[in-house]
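Residue strings, one per chain:
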Amino acid sequence: MRRFSFSSLLSEAFNAHQGWQRQWRDPAPKASYDAIIIGGGGHGLGAAYYLAKEHGLTNIAVLEKGWIGGGNAGRNTTIIRSNYLYDESAALYEHAVKLWEGLSQELNYNVMFSQRGVLMLAHNVHDVQSFKRHVYSNRLNGIDNEWMTPQEAKDFCPPLNISPDIRYPVMGAALQRRGGTARHDAVVWGYARAADALGVDILQNCEVTGINRGPDGAVTGVETTRGTIKAKKIGVSAAGHTSVVMGMAGVRMPLESFPLQALVSEPVKPCFPCVLMSNAVHAYISQSDKGELVIGAGTDQYVSYSQQGGLHITTHTLDAICELFPQFTRMRMLRSWGGIVDVTPDRSPIIGKTPVKGLYVNCGWGTGGFKATPGSANVFAHTIARDEPHPINAPFTLDRFRTGRLIDEAAAAAVAH
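Structural notes, computed from the coordinates. Here the structure is a predicted model, which means the values were calculated and not measured.

A side chain with one charge may pair with a side chain of the opposite charge, provided their charged atoms come close. Applying the stated rule across the entire model yields eleven salt bridges. Taking the shortest distance from any N to any O, the salt bridge between K53 and E106 comes out at 3.5 Å. In this pair, K53 is assigned in helix α2 (residues 42-55) and E106 in helix α4 (residues 103-107), connecting sequence segments 53 residues apart. Classification of K53 as partly exposed rests on a relative accessible area of 45%. Connected via shared salt-bridge partners are E94, E101, D144 and R178.

This is how it looks when you write it as structure tokens:
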């Protein structure tokens, strides 16, 4: 009988992945496609996969100006949850969580989805009232969420400091046990491999420089650094740069772009059991499978395409983390970065058709993009294929900013912006 060790299994998995990479199809662009997806992150590749698998559209190209997963898909803190307040948001993120739960099997690729639980701390009376409201709302929508006392929170997350004398004392917490994390680059590669196997062309280093329109105003294709490509349907899923791409078609988007900061520590042995979020100070922390403490901070207060952001944001977050977890004061920071997030006026995404015939958009996720990846991709593919929204993304239209039917998750998303 053959004996396996963790190191041998890891080595075999790595070699298999490297072998598949060597077989990667790097096709020349075709003259035309049935549909084009602009953006080679999780949302874009996922949409291409679902277009091919569920809607039979295999003559599709995903255009990425750099390498797949090189944008926000590889610059996030990997948190997955669905404990949003409003019905529309809860339905969208819960759809995503249900897809996450079977995604590794679906793609036959380990995306390292870990339902370790997401614990959200309350530090004041407002936090307590807000999170209890979340708990009740989630339960009415059939979504798991439960309230915990400070001691129950510490029992679930032993490193947590619940002393009443700290600057942000813990007054309770809301726990979604089905929440957790996944590995961001594995999600990208899983969707890429599955889409590629269904015949989707994935064109890296193919920057879109223009969107072409016909006499009737409908899209006819795109201009790229690899030539002109024709298509009657174009889906834009380019996080952080949606306004620039949509401007090529003459569409002005209600978006602002901000740096969103995060950092990781040096790797250590397993010491942190869950994902923990602190609303009052916008700090969240988990431990990756490599042993690094993954720490998320807030958005800068000014619009920018910077991939670093203001140092005071990170410093404030680290101060709070060290107070909540005194044992981490001796940890060293390994690296920090900033991802560029698109933010809408109501802090909810836009998924749907645009005023330009044949042009569709998926954007405005702010801090919620990664957790929504499979659900967002799934309903976006439905919208492109059928030229009408899926019932789940029907409320998230661009038109809501004209009618005033906003989905204001600014504070209800349980993180402070």
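In this section: helix α7 (residues 184-197). Residues spaced three or four apart along an α-helix face the same direction, because each turn holds 3.6 residues. The terminal C-alpha atoms of α7, which comprises 14 residues, lie 20 Å apart, in line with the 20 Å expected from a rise of 1.5 Å per residue. Counting buried positions along α7 gives eleven out of 14 residues, so the element sits mostly inside the fold. A positive phi of about 100° marks G199, the residue just after α7.

Okay, unusual backbone geometry next. One non-glycine residue with positive phi stands out, namely M112, at about 60°. Along the chain, M112 falls in the loop between α4 and β5 (118-122). The phi dihedral of R347 falls on the positive side, at around 60°, and the residue is not glycine.

Spatial ordering of the open sheet is given by β1-β12-β11-β10, a layout of four strands whose pairing is mixed. Edge positions in the sheet fall to β1 (32-33) and β10 (208-213), since each of these pairs with one other strand and no more. Relative to strand β12 (residues 227-231), strand β11 (residues 219-224) is paired through four bridges, and the arrangement is antiparallel. Bridge assignment links G221 to a residue of β12, and that residue is K230.

With that settled, the discussion passes to the packing of α2 against α7. Put simply, α2 and α7 touch, their axes get as near as 9 Å, and they point 30° apart. Viewed along their axes, α2 and α7 adopt a mutual orientation that is roughly parallel. Helix-helix and strand crossings are classified by hand; for α2 and α7 the assignment is left-handed. From α2, G42, L45, G46, Y49 and Y50 reach across to α7, where they touch V188, Y191, A192, A194 and A195. In the contact of α2 with α7, the residues fall into eight nonpolar, two polar and no charged.

Below, the discussion takes up the state of the cysteines. Under the criterion given, the structure shown has zero disulfides. Unpaired in this structure, C271 has its nearest cysteine sulfur neighbour in C157, at a distance of 9.6 Å. A relative accessible area of 34% means that C271 is categorised as partly exposed. Distance from the sulfur of C274, which forms no disulfide, to the nearest cysteine sulfur (C157) is 3.9 Å. Taking relative accessible area as the criterion, C274 reaches 0% and is therefore assigned buried.

About the criteria used
- Residues numbered from 1 in each chain as written.
- Predicted model: local features only at pLDDT ≥ 70, side-chain atom pairs only at ≥ 80, totals over all residues.
- Heavy atoms only, no water.
- Salt bridge = Lys/Arg side-chain N within 4 Å of Asp/Glu carboxyl O.
- Helix = DSSP H or I, 4+ residues; strand = E, 2+ residues; numbered from the N terminus.
- Buried < 20%, exposed > 50% of the residue type's maximum accessible area, 1.4 Å probe, protein only.
- Expected span 1.5 Å × (residues − 1).
- Pairing = 2+ DSSP bridges.
- Axes fitted to C-alpha atoms, helices over the stretch in contact; angles between N-to-C directions.
- Parallel < 35°, antiparallel > 145°, perpendicular 65-115°, else oblique.
- Left-handed = near helix turned anticlockwise from the far one by under 90°.
- Contact = heavy atoms within 4.5 Å.
- Nonpolar A, V, L, I, M, F, W, Y, C, P; charged D, E, K, R; others polar.
- Disulfide = S-S within 2.5 Å.

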